[in-house]
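These are the residues of each chain, in order.
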Amino acid sequence: MLGILARTMPSCLVKPVSVTRIAGRYLAHQEGLPKLPVPPLQQTCERYLAALTPIVDPEELNHTRKLLEEFQKPGGVGERLQKGLEQRGKKMENWLSDWWLQTAYLDYRMPVVVHSSPGVVLPRMEFSDRQGQMRYAAKLIAGVLDFKSMIDNETLPVEYLGGKPLCMNQYYQVLSSCRIPGTKRDTVVNYTLDKRPPTHITVVHNFQFFVLDVYNSDGTPLTVDQIYIQLEKIWNSSLQTNKEPIGILTSNHRNSWGKAYDNLIKDKTNQESVRAIQKSIFTVCLDAPMPHASDDMYRTRAGVQMLHGGGSRWNSGNRWFDKTLQFIIGEDGTCGLIYEHAPAEGPPIVSLIDHVVEYMKKSEMVRTPMVPLRMPQKLHFNITPEIKMDIEEAKQNMNIMVHDFDMKVSVFSHFGKDFPKSQKMSPDAFIQMALQLAYYRIHKRCCPTYESASLRMFRLGRTDTIRSTSIDSDKFVKAMDDPAKHVLVIDLHQINSIFFIPCVDVHLLGLKLQAIEDLAALPEIFMDTSYAVALHFNLSTSQVPAKTNCVMCFGPVVSDGYGVCYNPMDTHINFAVSAFNSCQDTNAARLAQALEDALLDIKTLLEQTPKAKL
């Protein structure tokens, strides 16, 4: 029926699936990177219209076409905004990055939990006792510090893709950084460049926070044995389970948390404790065991533990969700992390994980100095009746969120990236097409689909949108289950990509924000129904490949949508699918099953299609 899926992405949008790493100095490398270009206006308008075709009705599409014609007229508003963007591009290192940080993250007022911060589930550990948990945590901490030494010394290997170097800036943003809540807009602070950069991490156990210095006075990192001894001290100093979960405040709606934060830090002790958490290199959460789950449900339970902690009764208060990096180590062997999304995308986080996992396999060779270490400092909080009320409100809201969150983490074991590669296809394109088919089979329509694509080949590049729903993907999913259309053949060699519409979203966002900055009237194309439909991503997806057998997970971006993240390994694929229980039309397990069926059906189709037709 179809010869499909060999995606040849433009170089500006390929994700770093397989990168070459070459050691190099950070600043010299960064200055050699090209700036993010502003695409031609006509090209973006044409591609935008093509992206709309399968997701809006013909009448609406026709209306949008007329608006775009008006927008592009010589000497018109589109030309003026385009020139403004081009001027901005000349003046700034990256015309998009500041705007992106603000609009995508810091202006966003929903809780970071579920709605923004991704989690990562690591392979399950078997701890025979508490010492096993502490030993694992100590090795993990040492592994992160080893990675940090490459950042500090600027010896972090530069990543290359297709011979082109990638921007490494995000690696320098994830340690010693934290989000700070505001009542209208948040900020991000990074303490790496302070005159005295932080030398401590924070450890939280039973809702109690501790400062753990991880460097000796001579600047050398503590050994695994030393860290283990310090973690034991922390554990034994925090056995009480009746403490107020101060960290749960960070899970609330950003405006509510911003207001509570201002109130919290009026007290000097509280302010000092909060600053210690914010300044720490990263946080380690020593979690209590979660309710037992069957082997089939274990990965799903681990996924929700990483994303939200399970609710106020469990580990949701054992976090500081504003902290960029929080490693989670459960007493029951459930391990992973959650990260606050504003400073970085998934690939740098996964590179760090891969490094740490490899580091932890090594046997510890360093002899531990017999130097007494001072007791880790416990952070104290003075809880006023008003703060107690804020904590209760955050608990209630968290429990509502937990109850509403629907997730399925699964392993597709029939094949991995090996099969698509054997068909000379991009594994990512193959999986995206299966997602299109799975969604169509359930909902009987195509939907706006977001797949994150890296812009790291440009200086300070973040992401743009691959729109996986296209005119051709629409034809494909409708033909797949229609016997009357089963003879349809699309020649691979005539089609650049069956479903790929590149690089329109950030350009459109830039034009919109340029209009706002110019204090001009917002052009009609941004008040058009089609624009709202295009940005309502029922499928929010991301491929986050890793060497480690892990999977990243995140929540949907709309109330009637799904979040889908996947890690294609050689012979299997790890999937995390999420939805909201409050939407009757969506169900994470149902989409996960439909996705498995779609992957197998496309494989069968390809095996039955004569090679000549491909």
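For clarity, every value in this text was computed on a predicted model and none was experimentally measured.

Conventions adopted
Residues numbered from 1 in each chain as written. Predicted model: local features only at pLDDT ≥ 70, side-chain atom pairs only at ≥ 80, totals over all residues. Heavy atoms only, no water. Helix = DSSP H or I, 4+ residues; strand = E, 2+ residues; numbered from the N terminus. Expected span 1.5 Å × (residues − 1). Buried < 20%, exposed > 50% of the residue type's maximum accessible area, 1.4 Å probe, protein only. Arc of directions from axis to C-beta. Polar contact = N/O pair within 3.5 Å; in protein donor to acceptor, adjacent residues only side chain to side chain. UniProt positions renumbered as here; feature names shortened; annotations may be inferred. Contact = heavy atoms within 4.5 Å. Pairing = 2+ DSSP bridges. Axes fitted to C-alpha atoms, helices over the stretch in contact; angles between N-to-C directions. Core = buried A, V, L, I, M, F, W, Y, C linked by side-chain atoms within 4.5 Å. Parallel < 35°, antiparallel > 145°, perpendicular 65-115°, else oblique. Left-handed = near helix turned anticlockwise from the far one by under 90°. Nonpolar A, V, L, I, M, F, W, Y, C, P; charged D, E, K, R; others polar.

### Points about helix α18 (residues 588-608)
- Spanning 21 residues, α18 covers 30 Å between terminal C-alpha atoms, matching the ideal 30 Å at 1.5 Å per step.
- Every buried residue of α18 is accounted for by Ala588, Leu591, Ala592, Ala594, Leu595, Ala598, Leu599, Ile602, Leu605 and Leu606. Taken down its axis, α18 places every buried residue within 160 degrees of arc, on the same side.
- The opening residue of α18 is asparagine 587, an N-cap whose side-chain oxygen sits 3.1 Å from the backbone nitrogen of alanine 589.

### Description of the UniProt feature "domain: Choline/carnitine acyltransferase" (unreviewed entry) in the chain
- Here the UniProt-annotated "domain: Choline/carnitine acyltransferase" (unreviewed entry) positions come out as residues 36-485 and 504-596.
- For residues 504-596, helix accounts for 30% and strand for 25%, while the C-alpha atoms at its two ends are 30 Å apart.

### Concerning the UniProt feature "active site" (unreviewed entry) in the chain
- Feature annotation in UniProt places "active site" (unreviewed entry) on His341, given in this structure's numbering.
- Among the structural elements, histidine 341 can be located in the loop between β11 (335-339) and α11 (346-361).
- The class for histidine 341 is buried, based on a relative accessible area of 14%.
- Ignoring sequence-local partners within four residues, the contact set of histidine 341 consists of Tyr105, Ser116, Ser117, Pro118 and Arg462.

### Section: unusual backbone geometry
- Here valine 114, not a glycine, exhibits a phi torsion of approximately 70 degrees, which is positive.
- One can find valine 114 in the loop between α5 (97-106) and β2 (119-121).
- Backbone geometry at glutamate 154 places phi at a positive 55 degrees, although glycine is not the residue there.
- Tracing the sequence through the fold places glutamate 154 in the loop between α6 (130-152) and β3 (157-161).
- On the accessibility criterion, glutamate 154 (25% relative accessible area) is partly exposed.

### Topic: the sheet that holds strand β18 (residues 562-568)
- Read from one edge to the other, the open sheet built from six strands follows the order β13-β19-β18-β16-β14-β15, with strand pairing classed as mixed. Sheet topology places β13 (405-412) and β15 (463-466) at the edges, where each strand pairs with a single neighbour. Neighbour to neighbour, the strand axes of the sheet diverge by 20 degrees on average, direction disregarded.
- Pairing geometry for strand β16 (residues 539-543) and β18, over five bridges, is parallel. When the bridges of β18 are listed, serine 542 appears paired with cysteine 565.

### Things to note about the environment of leucine 307
- Residue position: leucine 307 is located in helix α10 (residues 295-307).
- It is 17 Å that separates the C-alpha atoms of leucine 307 and glycine 561, two residues lying 254 residues apart in sequence.
- Excluding residues that lie within four positions of it along the chain, leucine 307 makes contacts with Val113, Val114, Ser117, Pro118, Gly119, Phe321, Ile338, Phe405, Met407, Cys553 and Phe554.

### Topic: the sheet that holds strand β7 (residues 200-205)
- Pairing is mixed in the open sheet, where eight strands are placed in the order β12-β8-β7-β9-β10-β11-β2-β17. In this open sheet, the two strands that pair with only one neighbour each are β12 (377-378) and β17 (551-553).
- Inspection of the sheet shows β7 paired to strand β8 (residues 208-213) by six bridges, in the antiparallel sense. The residue of β8 that forms the bridge with valine 204 is phenylalanine 209.
- Taken strand by strand, helix α7 (residues 224-236) contacts β7 and β8, and its axis lies near 160 degrees from that of β8.

### Examining the pairing of strand β10 (residues 325-330)
- Here β10 lies mainly inside the structure; six of its six residues are buried.
- Because side chains alternate across β10, one face comprises the buried residues Leu325, Phe327 and Ile329, and the other comprises Gln326, Ile328 and Gly330, equally buried.
- Sheet analysis places strand β9 (residues 283-287) next to β10, joined by five bridges and oriented parallel. Its bridge partner being in β10, leucine 286 is matched across the sheet by isoleucine 329.
- Between the antiparallel neighbours β10 and β11 lie four residues, among them glycine 333 with a positive phi of about 95 degrees.

### With respect to the nonpolar core
- If you look at the biggest cluster of nonpolar residues, it comprises 59 residues, and the most contacted ones within it are Ile141, Ile201, Leu231, Phe282, Leu325 and Ile329.
- Going through the elements one at a time, α6, β7, β8, α7, β9, β10, β11 and α11 are the ones with two or more residues in this core.
- Not counting residues within four places of it along the chain, the set of residues in contact with isoleucine 329 comprises Phe127, Gln133, Tyr136, Ala137, Leu140, Val284, Cys285, Leu286, Asp287, Thr334 and Cys335.
- Membership of the second largest hydrophobic core comes to 45 residues, among which are Val121, Val274, Ile338 and Ala576.

### Looking at the environment of glycine 510
- With respect to the secondary-structure elements, glycine 510 resides in helix α16 (residues 505-517).
- Taking the C-alpha atoms as reference points, glycine 510 and histidine 29, 481 residues apart in sequence, are found 26 Å from one another.
- Excluding residues within four positions of it along the chain, glycine 510 makes contact with Leu85, Trp95 and Trp99.

### So, the side chain of histidine 572
- Note on placement: histidine 572 falls in the loop between β18 and β19 (573-580).
- A distance of 2.9 Å separates polar atoms of two side chains, one belonging to histidine 572 and the other to asparagine 549.
- Not counting residues up to four positions away in its chain, the partners in contact with histidine 572 are Val411, Phe412, Ser413, Phe415, Gly416, Asn549 and Asn567.

### So, the packing of α6 against α11
- Two elements in contact, α6 and α11, have axes separated by 8 Å at closest approach and are oriented at 125 degrees. Taken together, the axes of α6 and α11 are oblique relative to one another. Here α6 runs over α11; the crossing is right-handed. In contact with Tyr136, Lys139, Leu140, Ala142, Gly143, Val144, Asp146, Phe147 and Met150 of α6, α11 contributes Ser351, Leu352, His355, Val356, Tyr359 and Met360.
- Along the lines of polarity and charge, the residues of the contact of α6 with α11 split into ten nonpolar, three polar and two charged.

### Some words on the pairing of β9
- Of all five residues that make up β9, five are buried, and the element is covered over most of its length.
- Of the two faces of β9, both are covered, the one formed by Thr283, Cys285 and Asp287 as well as the one formed by Val284 and Leu286.
- Summarising the sheet, β7 and β9 pair through four bridges and their orientation is parallel. The residue of β9 that forms the bridge with threonine 202 is threonine 283.

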